[in-house]
Amino acid sequence: MTTSTDALLNHTANLAEVWGCALGGGVLAGEPDAGLDVERMTDAGLVASLDAVFAVKRQVEALLVRVAGQVAVRFREDSGVHGIAARTGNRSAPALVAERGHITVAEAGRVCRVGEATRPRMSVVGQRLPAEYAQVAAALTAGALPVDSAQFIIANLSQASPRATAEDLDEAEQALVDFAVANEADSVRKLAIRYRDALDVDGVEPREAELVARRSLKRSVLPNGMKRYVFEADPLSAAFFDTAIDALVGAALRTPRFEAAADGAEADADGCDENHVALEDGRSIEQLGFDAFVDILRHGLSCTEGLGPLNHTTVVVRMSLESLLTGLGEAQLDGIEQPISARTARCLAADAGIIPLVLGGRSEVLDFGRARRYFTRAQKLAMAERDGGCATRGCNRPPSYTEGHHALWFKRDGGRTNLSNGVLLCSACHHRMHREGWDVRITNNVVWFIPPASVDPHRQPRRGGKPPLPTPTGHNQPRY
């Protein structure tokens, strides 16, 4: 008989097989010890075991959301003296799930919400209907979608649903599920927000106003004498804050700290030579950020002159030409996931510290061939729009932490200083690419990283840069 646990059993059996192969079929005397097991594995065996463990985890999560969703329904529909609440002594479904799973109530709430949104429904006449988010449900059941990604898709499409068509919601759900099965949850969250705002343009201003109203600064003294500052910033305020901090941190990270070439030859200025060796600053990113914040405050209190990298620091606001002209719709801020309204963006247009990046308008010349060695500021802005910061998948460092680098090296390969040959990389990712032997190619304005054979024998290209923009059809066509 086929049951809901068959897939879990199959994946568990596969995990046992992969684990055994990673150990070379050998066993240790005494009690099993996973810690000793993994120490004996090769790198390839360790990665294969990681994949197999996550496959089991996704199947377990699929069953968990089914159970939690049914628990949530029973708490809502059967609240009498003989209902599940009275039987378990819990006030809510998340409280019961948290108690039994020893997890936080917040995590339990997410599991319950995903479970309810992906369980089959019943009509008023008792007819069985598909789940509200049937495509998310199918991907969960197949073990292809983690709960975090499912939660981001459901939460954002639910916000858009009152003002979006069923056709647009269905297409958006399918596109997000397709993206989520091949990408990490952080990227899914960012793309789901973009779909929400593309489908519900009228909701951008109310959401913006709500976030502005929640801004705050809290200060407290810790027992060890340190003082803690907790900011909650709305998207626009966060954009100014991040831009200023990231400019100074990025300048510190980009400060040349290369050892001389081994043969005494002059080192390549952008680090793209065979002998480049990066020297560490010694401070963590958190410490660099703190020092940058203090520098900004010192400058503001004592000086009217420009502060180093901040002289050339701007906030980039991107919006469609239609939104700029009409004041309707949304605008995106560099490094900020939540949008601002087009009306707010228009108010910022006269600010000297703002660059309005109007999509679809005329742009500066971005290709210089080999007449110029270094990428211009205009080219770096264009790369930032395409890459979103460091283009390496999963890095997420902002544009100010990066420099433009030639995909085909300028000296070794004769690479041109053109946008089609430029990519934004932070120092750490740049040197890792060279050290490990990765190749970079830009095709149709999309950055692809080609791993060395030691990482992937097939050298399958991996997409970098920002996730693709939403393109649902219908009357809510997004204006990008």
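Residues numbered from 1 in each chain as written. Predicted model: local features only at pLDDT ≥ 70, side-chain atom pairs only at ≥ 80, totals over all residues. Heavy atoms only, no water.

Quick word on the pattern of salt bridges
And then number 1: As enumerated under the stated definition, the model contains 15 salt bridges in all.
And then number 2: Between Arg189 and Asp186 there is a salt bridge, and its shortest N-O distance comes to 2.9 Å. Here the residue Arg189 and the residue Asp186 both occupy positions in helix H10 (residues 185–199), the gap between them amounting to 3 residues, near one helical turn.
And then number 3: Using a relative accessible area of 38% as the deciding quantity, one classes Asp186 as partly exposed.
And then number 4: The partner of Glu403 in a salt bridge is Lys380, with the nearest N and O atoms 3.0 Å apart. Within this pair, whereas Glu403 is found in strand S9 (residues 402–406), its partner Lys380 is found in helix H16 (residues 377–387), the two being separated by 23 residues in sequence. (Salt bridge = Lys/Arg side-chain N within 4 Å of Asp/Glu carboxyl O. Helix = DSSP H or I, 4+ residues; strand = E, 2+ residues; numbered from the N terminus. Buried < 20%, exposed > 50% of the residue type's maximum accessible area, 1.4 Å probe, protein only.)

Let's talk about a nonpolar patch on the surface
And then number 1: On the surface, Leu217, Tyr229, Phe231 and Phe241 cluster together to form a nonpolar patch covering roughly 400 Å² of accessible area.
And then number 2: Here Tyr229 shows up in strand S4 (residues 227–232).
And then number 3: Overall, Tyr229 belongs to the partly exposed group, its relative accessible area being 45%. (Patch = residues over 30% accessible without salt bridge, like charges linked within 9 Å, V, L, I, M, F, W, Y side chains within 5 Å. Areas by Shrake-Rupley, 256 points an atom, 1.4 Å probe, with all protein chains shown as cover.)

Digging into the confidence of the model for the chain
And then number 1: Taken as a whole, the chain shows an average pLDDT of 80; of its residues, 80% reach a score of 70 or greater.
And then number 2: Within the chain, no element has a lower average pLDDT than strand S8 (residues 354–359), which sits at 59, and none a higher one than helix H8 (residues 147–160), at 95.
And then number 3: Contacts of residues 258–267 to residues separated by more than four positions or lying in other chains number 12 contacts, the stretch itself having pLDDT below 50.
And then number 4: Note on residues 360–365: pLDDT under 50 across the span, and 1 contact to partners over four residues away in sequence or across chains. (pLDDT = per-residue confidence, 0-100. Contact = heavy atoms within 4.5 Å.)

A look at unusual backbone geometry
And then number 1: In this structure, Asn444 is a non-glycine residue whose phi angle is positive, near 55 degrees.
And then number 2: Relative to the helices and strands, Asn444 is located in the loop between strand S11 (439–443) and strand S12 (446–450).
And then number 3: By relative accessible area, which is 75% here, Asn444 ends up exposed.
And then number 4: In this structure, Asn445 takes a positive phi of about 65 degrees despite not being glycine.

Regarding the packing of aromatic side chains
And then number 1: Going through the model one piece at a time under the given rule, you end up with 3 aromatic pairs.
And then number 2: An angle of 85 degrees between the planes, with centres 6.1 Å apart, marks the rings of Phe231 and Phe293 as edge-to-face. Note that Phe231 is positioned in strand S4 and Phe293 in helix H13 (residues 285–302), a separation of 62 residues in sequence.
And then number 3: Residue class for Phe231 comes out partly exposed when judged on its relative accessible area of 43%.
And then number 4: Of the aromatic side chains, those joined through ring pairs into one cluster are Phe231, Phe241 and Phe293. (Phe/Tyr/Trp six-rings, centres within 6.5 Å; stacked < 30°, edge-to-face > 60°.)

A look at the nonpolar core
And then number 1: Residues Val136, Ile153 and Leu157 are the most contacted members of the largest nonpolar core, which totals 38 residues.
And then number 2: Counting residues per element, the ones that place at least two in this core are helix H3 (43–77), helix H5 (93–101), helix H6 (105–117), helix H7 (134–141), H8, helix H9 (166–180) and H10.
And then number 3: If we skip the residues at most four places from it in the chain, Ile153 touches Val136, Leu176, Val177, Ala180, Val188 and Ala192.
And then number 4: In this structure, Ala391, Ala407, Trp438 and Val440 belong to the second largest nonpolar core, which totals 13 residues. (Core = buried A, V, L, I, M, F, W, Y, C linked by side-chain atoms within 4.5 Å.)

Some thoughts on the sheet that holds S12
And then number 1: What the 3 strands build is an open sheet, ordered S11-S12-S13; its pairing is antiparallel. Two strands in the sheet have a free side with no partner beyond their single neighbour: S11 and strand S13 (462–463).
And then number 2: Pairing of S12 with S13 involves 2 bridges; the strand directions are antiparallel. Each residue of the ladder has a partner; that of Trp448, found in S13, is Arg463. (Pairing = 2+ DSSP bridges.)

A look at the packing of H3 against H6
And then number 1: It is the contact of H3 with H6, at a shortest axis distance of 7 Å, that shows an interaxial angle of 85 degrees. Judged by the angle between their axes, H3 and H6 are roughly perpendicular. Residues Leu64, Val65, Ala68, Gly69, Ala72, Val73 and Arg76 of H3 form the contact with H6, whose own contacting residues are Val111, Cys112, Val114, Gly115 and Glu116.
And then number 2: Residues that form the contact of H3 with H6 fall into these classes: 8 nonpolar, 2 polar and 2 charged. (Axes fitted to C-alpha atoms, helices over the stretch in contact; angles between N-to-C directions. Parallel < 35°, antiparallel > 145°, perpendicular 65-115°, else oblique. Nonpolar A, V, L, I, M, F, W, Y, C, P; charged D, E, K, R; others polar.)

Focus: the packing of helix H1 (residues 6–22) against H3
And then number 1: Two elements in contact, H1 and H3, have axes separated by 9 Å at closest approach and are oriented at 165 degrees. Classified by the angle their axes make, H1 and H3 are roughly antiparallel. Our pair here, H1 against H3, has a crossing hand that is left-handed. Side by side, H1 and H3 meet where Ala7, Leu8, His11, Thr12, Asn14, Leu15, Val18, Trp19 and Ala22 of the first sit next to Gly45, Ala48, Ser49, Ala52, Val53, Ala55, Val56, Gln59, Val60 and Leu63 of the second.
And then number 2: Considering only residue class, the contact of H1 with H3 consists of 13 nonpolar, 6 polar and no charged. (Left-handed = near helix turned anticlockwise from the far one by under 90°.)

Here we look at H7
And then number 1: Every buried residue belonging to H7 is among Gln135, Val136, Ala137, Ala139 and Leu140, and all of these are buried.
And then number 2: Those residues of H7 hidden inside the fold are in contact with H3, H6, H8 and H9.

Re the pairing of strand S6 (residues 330–333)
And then number 1: Burial along S6 is two-sided: Glu330 and Gln332 facing one way and Ala331 and Leu333 facing the other are all buried.
And then number 2: Bridge count between strand S5 (residues 315–320) and S6: 2 bridges; the pairing is antiparallel. Bridged to Val317 within S6 is Leu333.
And then number 3: The pairing of S6 with strand S7 (residues 340–341) spans 2 bridges and is antiparallel. Counted as the bridge partner of Ala331 is Ile340 from S7.

Points about the side chain of Glu208
And then number 1: With respect to the helices and strands, Glu208 occurs in helix H11 (residues 204–213).
And then number 2: Judged by its relative accessible area of 10%, Glu208 falls in the buried class.
And then number 3: The contact partners of Glu208, leaving out residues within four places of it in the chain, are Ile340, Ser341 and Thr344.

Some thoughts on the side chain of Asp456
And then number 1: Residue position: Asp456 is located in the loop between S12 and S13.
And then number 2: Despite its burial, Asp456 pairs with no opposite charge; the closest candidate is Arg462, at 4.9 Å N-O.
And then number 3: Looking at Asp456, its side chain comes within polar contact range of the main-chain nitrogen of Gln460, at 3.0 Å.
And then number 4: Not counting chain neighbours up to four residues away, the residues in contact with Asp456 comprise Pro451 and Arg462. (Lys, Arg positive; Asp, Glu negative; His and termini not counted. Polar contact = N/O pair within 3.5 Å; in protein donor to acceptor, adjacent residues only side chain to side chain.)

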